Amino acid sequence: PFLVRYKLSESVTEAILMPSGQSLLTRGEGVPFTALFEGEFDYTLIARNAAGQEVKRVVHITVVRGSKASIVVFRVEPALVDPLVGRVTLTWQVENASRIELYENDRRIQPAFTESQGEMDLIVERDTTFRLLVYDNEGDTAEKTVTVKTFIPPDDFP
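The rules behind the values
Residues numbered from 1 in each chain as written. Predicted model: local features only at pLDDT ≥ 70, side-chain atom pairs only at ≥ 80, totals over all residues. Heavy atoms only, no water. Helix = DSSP H or I, 4+ residues; strand = E, 2+ residues; numbered from the N terminus. Rg over C-alpha atoms; globule rule 2.2 N^0.38 Å. Buried < 20%, exposed > 50% of the residue type's maximum accessible area, 1.4 Å probe, protein only. Contact = heavy atoms within 4.5 Å. Areas by Shrake-Rupley, 256 points an atom, 1.4 Å probe, with all protein chains shown as cover. Lys, Arg positive; Asp, Glu negative; His and termini not counted. Charge placed at Lys NZ, Arg CZ, Asp CG, Glu CD. Pairing = 2+ DSSP bridges. Core = buried A, V, L, I, M, F, W, Y, C linked by side-chain atoms within 4.5 Å. Salt bridge = Lys/Arg side-chain N within 4 Å of Asp/Glu carboxyl O. Polar contact = N/O pair within 3.5 Å; in protein donor to acceptor, adjacent residues only side chain to side chain.

Caption draft 1: Quick look at the overall build of the protein chain. Within the protein chain one finds zero helices and 14 strands. When the elements of the protein chain are put in sequence order from the N terminus, they spell out β-β-β-β-β-β-β-β-β-β-β-β-β-β. A compact globule built from 158 residues should have a C-alpha radius of gyration of about 15 Å, whereas the protein chain, at 24 Å, is more than 25% larger. For the protein chain, the spread of C-alpha atoms along the three principal axes comes to 75 × 45 × 20 Å. Buried residues in the protein chain amount to 32% of all 158 residues. Sequence-distant contacts in the protein chain: of pairs separated by 6 or more residues, those separated by 24 or more amount to 56%. In the structure as shown, the protein chain presents an accessible area of about 10400 Å², 50% of it carried by carbon and sulfur atoms. The distance from the centre of the 17 positive side-chain charges to the centre of the 24 negative ones in the protein chain is 6 Å.

Have a look at this one:
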């Protein structure tokens, strides 16, 4: 699904969205659509005033098939850590995933797994980006990243 947003001036008496031919509310602000096909498409909004004058605006969209798998939660705590301590906890919760992969700075850090939720303690010594990659049963993916920053606390840091 996607939303085509628009705002028309008060002089507009008729508005049509092509290629669907759908009439739009002249005081509306958007119209929802559900894409039936993948690919690139142009939608043209045609607005007319009472005198029959017409303006057109084109919006280009790219439709890609999304994954049925989704990442509900993916976080790291703390997000700022002293590298001498370095202990962080990754927490995840996913839905409809047939396979899950976890990466640390683009290196997979454990074999693929299927637990839909959990947490893992890790040690980091420098700025680190973790990526959670989930696959649905058709092989389509969704992913999220979280980053841990390291800092050296000053001597008087509590």
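Picking up where we left off.
Caption draft 2: How the structure looks around the sheet that holds strand β13 (residues 128-135). An order of β8-β14-β13-β10-β11 is seen for the five strands of this open sheet, with the pairing classed as mixed. Edge strands, defined here as strands with exactly one partner in the open sheet, are β8 (80-81) and β11 (107-108). With eight bridges connecting them, β13 and strand β14 (residues 141-150) associate as antiparallel partners. By the bridge assignment, R131 is partnered in β14 with T145.

Caption draft 3: Layout of the nonpolar core. F74, V88, L90, F130 and L132 are the most contacted members of the largest nonpolar core, which totals 20 residues. The set of elements that each furnish at least two residues to this core consists of β7 (70-77), β9 (87-95), β10 (99-104), β12 (117-123), β13 and β14. Element by element, the count of residues in this core is highest for β9, at four residues. Among residues more than four places away in sequence, those in contact with F74 are L90, T91, W92, L102, F130, R131, L132, K144, T145 and V146. Counting 14 residues, the second largest nonpolar core, distinct from the first, contains V12, A15, Y43 and A47.

Caption draft 4: Molecular detail of the pattern of salt bridges. With the rule as written, the count across this model stands at 12 salt bridges. Taking the shortest distance from any N to any O, the salt bridge between R108 and E101 comes out at 3.1 Å. Exposure remark for E101: the relative accessible area of 2% places this residue in the buried category. The shortest N-O distance in the salt bridge between D127 and K149 comes to 3.8 Å. Within this pair, whereas D127 is found in the loop between β12 and β13, its partner K149 is found in strand β14, the two being separated by 22 residues in sequence. Relative accessible area serves as the criterion here: at 37%, D127 is assigned to the partly exposed category. Salt bridges sharing common partners tie together E14, R48, E54 and K56.

Caption draft 5: Focus on the side chain of T91. Inspection of the secondary structure assignment puts T91 in strand β9. Dropping the residues within four chain positions of it, T91 is found in contact with V73, F74, R75, G118 and E119.

Caption draft 6: Spotlight on the environment of R75. Within the secondary structure, R75 is located in strand β7. Separated by 44 residues in the primary sequence, R75 and E119 have C-alpha atoms spaced 9.5 Å apart. What R75 contacts, discounting residues up to four positions off in sequence, is T89, L90, T91 and V146. A distance of 3.3 Å separates polar atoms of two side chains, one belonging to R75 and the other to E77.

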